[in-house]
Amino acid sequence: MPRLTDPSRRAVITGLGAVTPIGNDHPTFWANAVVGKSGGGPITHFDPSGLDVRIAAEVKDFDPTVGMDRKMARRMSRFIHFAMAAGVEAVADAGLDFSDWTPEQRDRVGVLVYTGGGGMEQVIEGHDTINERGARFVSPFAIPALSGSMGACMLSMEYGLTGPVQTQVAACASSVISFLDAIRMIERGEVDVILAGGTEAPLLKMGFAALSNMGALSKRNDEPEKASRPFDKDRDGFLFGEGGAVLVIESAEHAMERGATIQAELVGAALTADAFHISAPEPTGRGAAMAMTKAMRDADVAPDEIDFIVAHGTSTPLNDVTETRAIKSAFGEHAYKTTVSSPKSMVGHLLGGAGAVAALCGIGAIREGVITPTINLDEPDLPECDLDYVPKVAREAKVDTVMVNGFGFGGQNAVAVFRRFEA
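It should be emphasised that the depicted structure is a prediction, and the values quoted were computed from it without experimental measurement.

Peer 1: Go over the overall build of the protein chain, please, and point to the residues and values.
Peer 2: From N to C terminus, the protein chain includes 14 helices and 14 strands. In terms of C-alpha radius of gyration, the protein chain reaches 20 Å, essentially the compact-globule figure of 22 Å for 423 residues. Considering only C-alpha atoms, the protein chain reaches an extent of 60 × 60 × 40 Å along its principal axes. A buried classification covers 60% of the 423 residues belonging to the protein chain. Taking the intrachain contacts of the protein chain between residues at least 6 apart in sequence as the baseline, contacts between residues at least 24 apart amount to 79%. When the accessible surface of the protein chain is summed, it comes to about 16200 Å², and 52% of that surface belongs to carbon and sulfur atoms. Here the protein chain contributes 38 positively and 55 negatively charged side chains, and the mean placements of these two sets differ by 3 Å.

Structure follows, in C-alpha cells:
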C-alpha cells in the first residue's frame, strides 16, 4: 500500500527547467527531443589529442548569466551554472514569485539538487595553478566552487529559501533520488514546495581517459551524432554528456490554492542496491527489477498501468541487456506491451543530471501525448533487447503513467513514477 494518507499532500509538478546538449531551456530541449536531434559532436572544451575518445554531448552556446550575475558566474563551476539556469527557468515556469513571500513561507521551500561529481575542474585547475604559478594564486573560491552541494545552496540563496537544502551523491542515480526525497518531504508535511533535480559538468580530460580505459565510452569518433545507440547491437559505450534539469514539486493543496498549472503528479519512488560491483550491473537485473517493483508498490500502480518507461539506457553492452532483463522481471508479459525509450540516445549520459532530464521526457509524454524516440536504434540486440524501444521516431500515444529509471555505479538503483494529475 502507498504511504499517502492526506490527499492535500500529493506531490505535483508545476515547473520545469533544463540545460542540455540539445537545448539550453526546456521548450528547446523538448522540441529537439521530439524530432530526435542528437547532441553529439567533437570535443571543444579542451584539446582531445592523445585520447581514444574525441567526442561528447556538450552544452552549446551557454550563457551562465541567465541564472546568476556575471561576477558570481566567474567564481563558480559549470555544474552550478547549469543548476542555476535550470532552477531559475523552473521557478518562472511554475509562476512562482518568492519576492513577496514571508520568512515563514520561505521556511517551507526546499532545494534538492543532486550531482555525481560537483566542480571537479576546480581540483585540476587548482593543482595546475600551484605547479605553474604557486599556491597564493589559487582562487579563494575554489572550495565552494567544487563543493557538490553548492548548486542547491546557490539556488536557495537566489530566492532566500530557508527550508531543507540537500545534495546527495549517488553517481548516475543521483537526480532520480531527488524525486524520492521530494515526495517524502512533501507527504510528511515538512515543505510545501521543493526545487528538485540534478546537474553535472564532468567533461574533463581525466574523466575521458579513465572511462575510455574502462571501456565505458563510445569510440565512434567519426560519427558523434550516431555514437549513442541504446539497445542497438552495434553499441560500443556511452556518449559522455553534461547538463541538468530542475523540477518544481509542490503539495497539491499549495499548487491549487495559488492556481498553478499542474503538469503531472509524482506518485512514488524507490531505491535499492545491487551489492555486486563497483561499475558493472548485477547480471540478472535483480536489484533494478526490485527498485521498479517497489516504486510501483509505493505509487499504488500495477505493472499494466505503466504506459512508458524512460529507461536508463546508457548504450553500454552491459546496461542495456541488464535493464531489459530487469524490466521483464518486474513487468512480466506487460514488458512487451509498454513502451521503453532512452533520451541518452540524444543527450548522451549526463551522470548525476541524467534522471532529471529523463523525467522531462516522461512528463512531456503525459502532457503532450508524445513519446520521445530512441534514436540510432538500427537493429536491436536480439534476442536480449527485444522490447518496444520506440526506435528512431517519436510516437503519439496517450500516456497516463510513466516510470523513470536511474542506475548508478556501485549498484545504486533509483526509480520514480509520475502520473497524469486528477484533482
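Peer 1: I'd like a rundown of helix α14 (residues 354–368), residues and numbers included.
Peer 2: Compared with the 21 Å implied by 1.5 Å per residue over 15 residues, the 21 Å span of α14 between its first and last C-alpha is a close match. Counting buried residues in α14 gives 13 out of 15 residues, a clear majority hidden from the surface.

Peer 1: Would you mind going over the environment of A394 in detail, with residue names and values included?
Peer 2: For A394, the location among the structural elements is in the loop between β11 (370–371) and β12 (395–396). Owing to a relative accessible area of 27%, A394 belongs among the partly exposed residues under this scheme. Between the C-alpha atom of A394 and that of T374, which follows or precedes it by 20 residues, the distance is 8.2 Å. Every residue in contact with A394, bar those within four places of it in the chain, is listed here: V34, V370, I371, T372 and P373.

Peer 1: For the sheet that holds strand β13 (residues 401–408), give the residues involved together with the corresponding values.
Peer 2: The mixed open sheet is built from 10 strands, whose spatial order is β5-β4-β6-β7-β1-β8-β14-β13-β9-β10. Each edge of the open sheet is held by one strand with a lone partner, namely β5 (165–166) and β10 (339–341). Here 3 bridges tie strand β9 (residues 308–310) to β10, and the two strands are oriented parallel to one another. Along β10, the bridge assignment pairs V310 with S341.

Peer 1: Which residues make up the nonpolar core, and what are the values?
Peer 2: By size, the foremost hydrophobic cluster in this structure holds 52 residues, and its most contacted members are I13, F179, L247, I249, L266 and F418. No other element matches α14, which puts 10 residues into this core. Within the second largest apolar cluster, 34 residues are counted, among which are V59, I80, A145 and A201.

Peer 1: So what's going on with the packing of aromatic side chains? Which residues, and what values?
Peer 2: Across all of its chains, the model carries 8 aromatic pairs by this definition. Ring plane angle 65 degrees and centroid distance 5.7 Å describe the contact between F46 and F208, whose orientation is recorded as edge-to-face. Of this pair, F46 sits in the loop between β2 (41–42) and β3 (55–56) while F208 is found in helix α9 (residues 205–214), placing the two residues 162 residues apart along the sequence. With relative accessibility at 1%, the residue F208 sits in the buried group. Measuring from centroid to centroid gives 5.2 Å for F62 and F82, while their planes differ by 70 degrees, and the two rings are edge-to-face. Here F62 is found in the loop between β3 and α2 (70–75), whereas its partner F82 is found in helix α3 (residues 78–93), with 20 residues between them in sequence. When its relative accessible area of 15% is taken as the criterion, F62 is described as buried. Residue classification places F82 among the buried residues on the basis of a relative accessible area of 0%. Taken together, the aromatic side chains of F46, F208, F238 and F240 make up a single cluster linked through ring pairs. Between the NZ or CZ atom of R367 and the centre of the ring of W30, over which it lies, the distance is 5.7 Å.

Peer 1: Hey, could you go over unusual backbone geometry for me, with residue numbers and the actual values?
Peer 2: The omega torsion of the bond from L382 to P383 falls at 5 degrees, within 30 degrees of zero and hence cis. In this structure, P383 sits in the loop between β11 and β12. Positive phi values are uncommon outside glycine, yet A171 reaches one of about 50 degrees. One can find A171 in the loop between β5 and α8 (174–187). When its relative accessible area of 22% is taken as the criterion, A171 is described as partly exposed. Residues other than glycine seldom take positive phi values, yet L351 does so here, at roughly 50 degrees. For L351, a relative accessible area of 17% corresponds to the buried category.

Peer 1: How would you summarise the pattern of salt bridges if you had to cite specific residues and measurements?
Peer 2: Scanning the entire structure with this criterion turns up 23 salt bridges. In this structure, K219 engages D52 in a salt bridge whose closest nitrogen and oxygen atoms are separated by 4.0 Å. Taken together, the residues span a long stretch of sequence, with K219 in the loop between α9 and β7 (243–251) and D52 in the loop between β2 and β3 at a distance of 167 residues. Judged by its relative accessible area of 45%, D52 falls in the partly exposed class. Connected through salt bridges with shared partners, the residues R229, D232, D378 and K392 form a single ionic network.

Peer 1: Give me the packing of α8 against α14: which residues, what numbers.
Peer 2: In a pair of packed helices, the angle between the axes and the distance between the axes together describe the arrangement. Direction vectors running N to C along α8 and α14 enclose 70 degrees, while the axes themselves pass 5 Å from each other. Between α8 and α14, the angle falls in the class roughly perpendicular. Where α8 approaches α14, its residues S175, V176 and F179 are matched on the opposing element by A354, G355, A356 and A359. Here the contact of α8 with α14 is composed, by residue class, of 5 nonpolar, 2 polar and no charged.

Peer 1: Tell me what's going on with the side chain of S345, and back it up with residues and numbers.
Peer 2: Along the chain, the position of S345 falls in helix α13 (residues 344–347). One polar contact links the side chain of S345 to the main-chain amide nitrogen of I375, over a distance of 3.1 Å. Other than its neighbours up to four places away in sequence, S345 contacts S228, P230, P373, T374, I375 and N376.

Rules of the game
Residues numbered from 1 in each chain as written. Predicted model: local features only at pLDDT ≥ 70, side-chain atom pairs only at ≥ 80, totals over all residues. Heavy atoms only, no water. Helix = DSSP H or I, 4+ residues; strand = E, 2+ residues; numbered from the N terminus. Rg over C-alpha atoms; globule rule 2.2 N^0.38 Å. Buried < 20%, exposed > 50% of the residue type's maximum accessible area, 1.4 Å probe, protein only. Contact = heavy atoms within 4.5 Å. Areas by Shrake-Rupley, 256 points an atom, 1.4 Å probe, with all protein chains shown as cover. Lys, Arg positive; Asp, Glu negative; His and termini not counted. Charge placed at Lys NZ, Arg CZ, Asp CG, Glu CD. Expected span 1.5 Å × (residues − 1). Pairing = 2+ DSSP bridges. Core = buried A, V, L, I, M, F, W, Y, C linked by side-chain atoms within 4.5 Å. Phe/Tyr/Trp six-rings, centres within 6.5 Å; stacked < 30°, edge-to-face > 60°. Lys NZ or Arg CZ within 6 Å of the ring centre and 35° of its normal. Salt bridge = Lys/Arg side-chain N within 4 Å of Asp/Glu carboxyl O. Axes fitted to C-alpha atoms, helices over the stretch in contact; angles between N-to-C directions. Parallel < 35°, antiparallel > 145°, perpendicular 65-115°, else oblique. Nonpolar A, V, L, I, M, F, W, Y, C, P; charged D, E, K, R; others polar. Polar contact = N/O pair within 3.5 Å; in protein donor to acceptor, adjacent residues only side chain to side chain.

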